[in-house]
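# Observations on chain architecture
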Amino acid sequence: MKLLRDNARTVVLTGAGVSAESGVPTFRGGSDSLWAKFSPEELASIDGFMANPTLVWEWYSWRRKLIGEAQPNPGHEVLAKLEKHLSKFTLVTQNVDNLHQRAGSEQVIELHGNIHKNKCLRCGRPAPESAFATDQIPKCSCGGMIRPDVVWFGELLPEAALNAAIVAAGSAELFMSIGTSALVFPAADLPVIAKRRGAYLVEINLEETRISPHADEVFHAPSGEVLSALWDQIRVDDKSRPNTVVD
Ligand code: BJW
Ligand code: ZN
């Protein structure tokens with residue numbers, strides 16, 4: 001792929017599709033997706049939580065367990081290797097599953113929080129991990145309910161993470177949008193911002209998305225497969241250069 005080497009400023013945006021090969025269900029599309037069974041308004045909004053906190057807490061407990069048992073897949077692993085291999089590499093994720101970090105990525109911009117963290121609905125204090133080990137909603141010392149530290153619909157994204165992602169997208173030379181339907185904003189704007197500012201835009205997704213018509217290159221195949229093939233290509237290219245060592 002053009003630019004996937006050397007000193008090109010490379011930015012990757014990942015979505016749920018990157019974790020699909022680890023057995024983590026995506027949100028949209030397919031009968032196994034999370035919202036084929038539940039509505040986002042019911043489960044991923046403050047109104048939904050207030051209306052039925054136990055249902056929402058149980059849904060997150062179920063997902064946290066499923067995610068905890070999942071293993072990073074070759075897609076996560078290649079992205080971790082790219083961070084070490086490329087000198088200007090930024091990984092931005094909408095995923096809350098921690099699988100990038102477990103694969104070895106060190107700098108991950110998390111736009112939608114992390115399912116392994118919780119916080120108090122009332123005072124915002126983080127809750128200790130021991131609070132998760134129950135199907136009952138734990139209470140903070142202030143008396144407030146504990147909720148997952150993820151970004152629900154209608155909530156602001158963490159300011160520092162969003163700003164860092166916008167700055168990175170705006171100066172990217174290569175931007176890769178991987179495994180996201182690009183339907184949820186403001187994350188969905190990032191590939192468009194990058195393209196508008198002159199980045200070479202690559203999409204990896206099983207399906208056509210609203211990003212596809214803007215992309216310079218589109219791979220309609222599982223992200224683990226495409227990323228593994230790209231990594232093999234980098235290794236071949238590097239080995240053919242003199243005095244270059246690849247791991
Ligand atoms: C594969 C694959 C394989 C499968 N290989 N590919 C502008 C316009 C319109 C609306 C808005 C707007 N700005 C804001 C809004 C409102 C709203 C929004 O975007 N709504 C849209 C649905 C229309 N946004 C918000 O509310 C955001 N907050 C905000 O903007 O605050 C300011 C504000 C407030 C109020 C009004 C206006 C402004 C917050 C968004 C929070 C999103 N939260 C969730 C839940 C997180 C917690 C949890 O996990 O429970 O984040 S929703 C869910 O969607 C989750 C994801 O991160 C996010 C994106 O999904 P993603 O990753 O793209 O997954 P999928 O399932 O959609 O797609 C998977 C893709 O993978 C598919 O394309 C497959 O084909 C592909 N695939 N296998 C490659 N092996
Ligand atoms: Zn509290």
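Residues numbered from 1 in each chain as written. Chains lettered and ligands numbered in written order. Predicted model: local features only at pLDDT ≥ 70, side-chain atom pairs only at ≥ 80, totals over all residues. Heavy atoms only, no water.

## Describing the domain arrangement of the chain
- According to the domain assignment, the chain contains domain 1 (1–23 + 72–112 + 157–247) and domain 2 (25–69 + 115–150).
- Each of domain 1 and domain 2 was reduced to a C-alpha centroid, and the two centroids are 27 Å apart.
- Counting residues at the interface gives 13 residues for domain 1 and 12 residues for domain 2.
- Carbon and sulfur atoms supply 60% of the area that domain 1 and domain 2 bury against each other, a total of about 850 Å² over both sides.
- Inspection of the region where domain 1 meets domain 2 yields zero salt bridges. (Domains from an automatic or database assignment. Contact = heavy atoms within 4.5 Å. Buried area = accessible area lost by both parts, 1.4 Å probe. Salt bridge = Lys/Arg side-chain N within 4 Å of Asp/Glu carboxyl O.)

## Quick notes on helix H8 (residues 159–170)
- For H8, which comprises 12 residues, the first-to-last C-alpha distance of 16 Å matches the rise-based estimate of 16 Å (1.5 Å per residue) to within 8%.
- The complete set of buried residues in H8 reads Ala161, Leu162, Ala165, Ala168, Ala169 and Gly170. (Helix = DSSP H or I, 4+ residues; strand = E, 2+ residues; numbered from the N terminus. Expected span 1.5 Å × (residues − 1). Buried < 20%, exposed > 50% of the residue type's maximum accessible area, 1.4 Å probe, protein only.)

## Here we look at the coordination of the zinc ion (ligand 2)
- Surrounding the zinc ion (ligand 2) are the protein donor atoms Cys120 (SG), Cys123 (SG), Cys140 (SG) and Cys142 (SG), which sit 2.3 to 2.4 Å from the metal.
- For the zinc ion (ligand 2), the four donor atoms are set out with angles of 101 to 120 degrees between them, so the coordination reads as tetrahedral.
- Read in sequence order, the donor residues for the zinc ion (ligand 2) give the motif C-x2-C-x16-C-x1-C.
- Since its relative accessible area comes to 13%, Cys140 is described here as buried. (Donors = N, O, S within 2.8 Å, 3.2 Å for Na, K, Ca; no water. Tetrahedral: all angles 85-135°; square planar, octahedral: opposite > 155°, others 65-115°.)

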